[in-house]
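Below, each chain spelled out in residue letters.
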Amino acid sequence: MSMPKPHPPAPNASLAGHLLDQYAGRIARSRRPYIIGLSGLQGSGKSTLAREMKAQAEARGWPTEVLSLDDFYYSRSERELIAQQIHPLLRTRGVPGTHEIELLLSVLAALPQASEKLPVTWPRFDKGRDTRMPPSRWPRVVRPPRLVIVEGWALGLRPQLQSELDVPVNRLEREEDADGSWRHWVNKQLRGYQPLWRKFDALIVLQAPNWDVVRRWRGETEEELLARHAPLAMDAATLERFLQHYERLSRHALATLPALADSVVEYDDDRHMTGLTHS
């Protein structure tokens, strides 16, 4: 009687295992939590990969925490204040300047001493309500992790040159940021993210083929949310405007991040992995 063939591992499972193998020696030798930045544009699967890496790392005996940059968005009321003080486009979460980076840095600083007496907590962001969940729903860590994975869009990104900000990249910039003040402010805020990037012991970049594919991937996610009647799910026109907030820095990330990364995972239009390189 022939034995049934085992299922091949899911692409994410095999990729997660390979990435952990790549950094295993460094993780084992590190005297403090080893911090990996997992950077990918919208729809690239970074959250799913981070969860798989955590599961496999813990199976190897490495306590692991995953921090999402998205959870550190300022609350809706705080962003409303920034929008009134700086620029109306800052009501929309996502761009540099809409995250509480100092809080994320303080969480990373506290994790090596995590204990029952010194528990470490951090926010969870509810995208459906566009604000933070109540603190009772926040993660609580009471033991130091061996591995920390920070996942988010455009992690590792450096500011653009001033000259690159002159020409609008889309209708939103042309019509709602005609003087360029919003994009100049956002670019300046990116400088404040560099101390976070310097905390990463390694940077892994999930590289999409181009911006048009990223837009399509994000649209597929939104269609699923609409089908589930999720609160704040966006129709096509609303989503198109939303994505224009991200377009400039997404294009900048696609062009510049691979050269800054320790590992680059390349994907085709249908999210199939086509390449994996380590520097």
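Residues numbered from 1 in each chain as written. Predicted model: local features only at pLDDT ≥ 70, side-chain atom pairs only at ≥ 80, totals over all residues. Heavy atoms only, no water.

- As named in an unreviewed UniProt entry, the protein is Kinase, taken from Rhodanobacter humi.

### Description of the overall build of the protein
Here is step 1: Looking only at helices and strands, the protein has 9 helices and 10 strands in total.
Here is step 2: The C-alpha atoms of the protein give 19 Å as radius of gyration, which agrees with the globular expectation for 279 residues (19 Å, within 12%).
Here is step 3: Taken along the three principal axes of its C-alpha coordinates, the protein extends 65 × 50 × 40 Å.
Here is step 4: Looking at the 279 residues of the protein, the share that counts as buried comes to 48%.
Here is step 5: Of all intrachain contacts in the protein linking residues separated by at least 6 positions in sequence, the fraction that spans at least 24 positions is 76%.
Here is step 6: In the form shown here, the protein has an accessible surface area of approximately 14,300 Å², with 53% of it arising from carbon and sulfur atoms.
Here is step 7: Here the protein contributes 38 positive and 35 negative side-chain charges, whose respective centroids are spaced 6 Å apart. (Helix = DSSP H or I, 4+ residues; strand = E, 2+ residues; numbered from the N terminus. Rg over C-alpha atoms; globule rule 2.2 N^0.38 Å. Buried < 20%, exposed > 50% of the residue type's maximum accessible area, 1.4 Å probe, protein only. Contact = heavy atoms within 4.5 Å. Areas by Shrake-Rupley, 256 points an atom, 1.4 Å probe, with all protein chains shown as cover. Lys, Arg positive; Asp, Glu negative; His and termini not counted. Charge placed at Lys NZ, Arg CZ, Asp CG, Glu CD.)

### What about unusual backbone geometry?
Here is step 1: Positive phi outside glycine occurs at histidine 229, with the angle close to 55 degrees.
Here is step 2: Relative to the assigned elements, histidine 229 resides in the loop between helix 8 (211-227) and helix 9 (236-260).
Here is step 3: A positive phi is found at arginine 271, a non-glycine position, where the angle reads about 65 degrees.

### Focus on the environment of valine 141
Here is step 1: Mapping valine 141 onto the fold places it in strand 6 (residues 140-141).
Here is step 2: Residues valine 141 and leucine 111, 30 residues apart in the sequence, show an inter-C-alpha distance of 7.9 Å.
Here is step 3: Ignoring sequence-local partners within four residues, the contact set of valine 141 consists of Glu65, Leu111, Ala114, Ser115, Leu118, Pro119, Val120 and Trp122.

### So, the side chain of histidine 99
Here is step 1: With respect to the helices, strands and loops of the structure, histidine 99 is situated in the loop between helix 3 (76-85) and helix 4 (101-110).
Here is step 2: Within the structure, the side chain of histidine 99 is placed 2.7 Å from the side chain of tyrosine 193, a separation counted as a polar contact.
Here is step 3: Setting aside chain neighbours within four positions, we find histidine 99 in contact with Leu69, Phe72, Tyr73, Tyr74, Gly94, Trp153 and Tyr193. (Polar contact = N/O pair within 3.5 Å; in protein donor to acceptor, adjacent residues only side chain to side chain.)

### Details of the layout of surface pockets
Here is step 1: Estimated volume of the largest pocket: approximately 1,400 Å³.
Here is step 2: Every residue lining the largest pocket is counted, 45 residues in all, and those nearest its centre are Ser47, Asp70, Arg93, Lys127 and Thr221.
Here is step 3: If you list the elements that add at least two residues to the lining of the largest pocket, you get helix 2 (46-59), strand 2 (64-68), helix 3, strand 4 (125-126), helix 8 and helix 9.
Here is step 4: Split by residue class, the lining of the largest pocket holds 16 nonpolar, 10 polar and 19 charged.
Here is step 5: Of the pockets and cavities examined, the second largest pocket occupies roughly 270 Å³.
Here is step 6: Lining the second largest pocket we find 14 residues, and of these Pro11, Asn12, Leu15, Tyr267 and Arg271 sit closest to its centre.
Here is step 7: Sorting the residues of the lining of the second largest pocket by element identifies helix 1 (11-29), helix 2 and strand 10 (273-278) as the ones contributing at least two each.
Here is step 8: Here the lining of the second largest pocket takes 5 residues from helix 1, the largest share from any one element. (1 Å grid on protein atoms, 1.4 Å probe; cavity = no way out; pocket = protein on both sides within 12 Å on 5 of 7 lines; lining within 4 Å. Points joined across faces, edges and corners; volume = space filled by probe spheres on them. Nonpolar A, V, L, I, M, F, W, Y, C, P; charged D, E, K, R; others polar.)

### Quick word on the packing of aromatic side chains
Here is step 1: Taken as a whole, this structure holds 6 aromatic pairs when the rule is applied.
Here is step 2: Centroid distance tryptophan 153 to tyrosine 246: 5.0 Å. Interplanar angle 70 degrees. Geometry classified as edge-to-face. A residue pair is termed long-range when its members are at least 10 positions apart, and tryptophan 153 in the loop between strand 7 (147-152) and helix 5 (171-176) and tyrosine 246 in helix 9 qualify at 93 residues.
Here is step 3: You can call tryptophan 153 buried: its relative accessible area is 6%. (Phe/Tyr/Trp six-rings, centres within 6.5 Å; stacked < 30°, edge-to-face > 60°.)

### Focus: the sheet that holds strand 2
Here is step 1: The sheet built from 6 strands is open, its strands ordered 2-7-1-8-9-10 with mixed pairing. In this open sheet, the two edge strands, each paired with only one partner strand, are strand 2 and strand 10. The mean angle between the axes of side-by-side strands here comes to 15 degrees, regardless of whether they run parallel or antiparallel.
Here is step 2: Pairing of strand 8 (residues 202-207) with strand 9 (residues 263-267), which is carried by 4 bridges, proceeds in the parallel orientation. Considered in strand 9, the bridge of isoleucine 204 is made with serine 263.
Here is step 3: In the packing of helix 2 onto the sheet, contacts are made with strand 1 (34-40), strand 2, strand 7 and strand 8, and the angle to strand 7 comes to roughly 170 degrees. (Pairing = 2+ DSSP bridges. Axes fitted to C-alpha atoms, helices over the stretch in contact; angles between N-to-C directions.)

### Regarding empty space enclosed by the protein
Here is step 1: Considering all chains together, one arrives at 3 cavities of 30 Å³ or more under this definition.
Here is step 2: If you add up the space inside the largest cavity, you get close to 90 Å³.
Here is step 3: As for the largest cavity, its lining consists of Val95, Gln160, Leu165, Glu173, Trp182, Arg183, Val186, Asn187, Gln244, His245, Arg248 and Leu249.
Here is step 4: Listed by contribution, the elements that provide at least two residues to the lining of the largest cavity are helix 6 (181-191) and helix 9.
Here is step 5: The class makeup of the residues in the lining of the largest cavity is 5 nonpolar, 4 polar and 3 charged.
Here is step 6: Along the walls of the second largest cavity sit Leu69, Gly94, Val95, Pro96, His99, Trp153, Ala154, Leu157, Leu190, Tyr193, Trp197 and Leu249, which together make up its complete lining.
Here is step 7: Residues of the lining of the second largest cavity, tallied by class, amount to 10 nonpolar, 2 polar and no charged.

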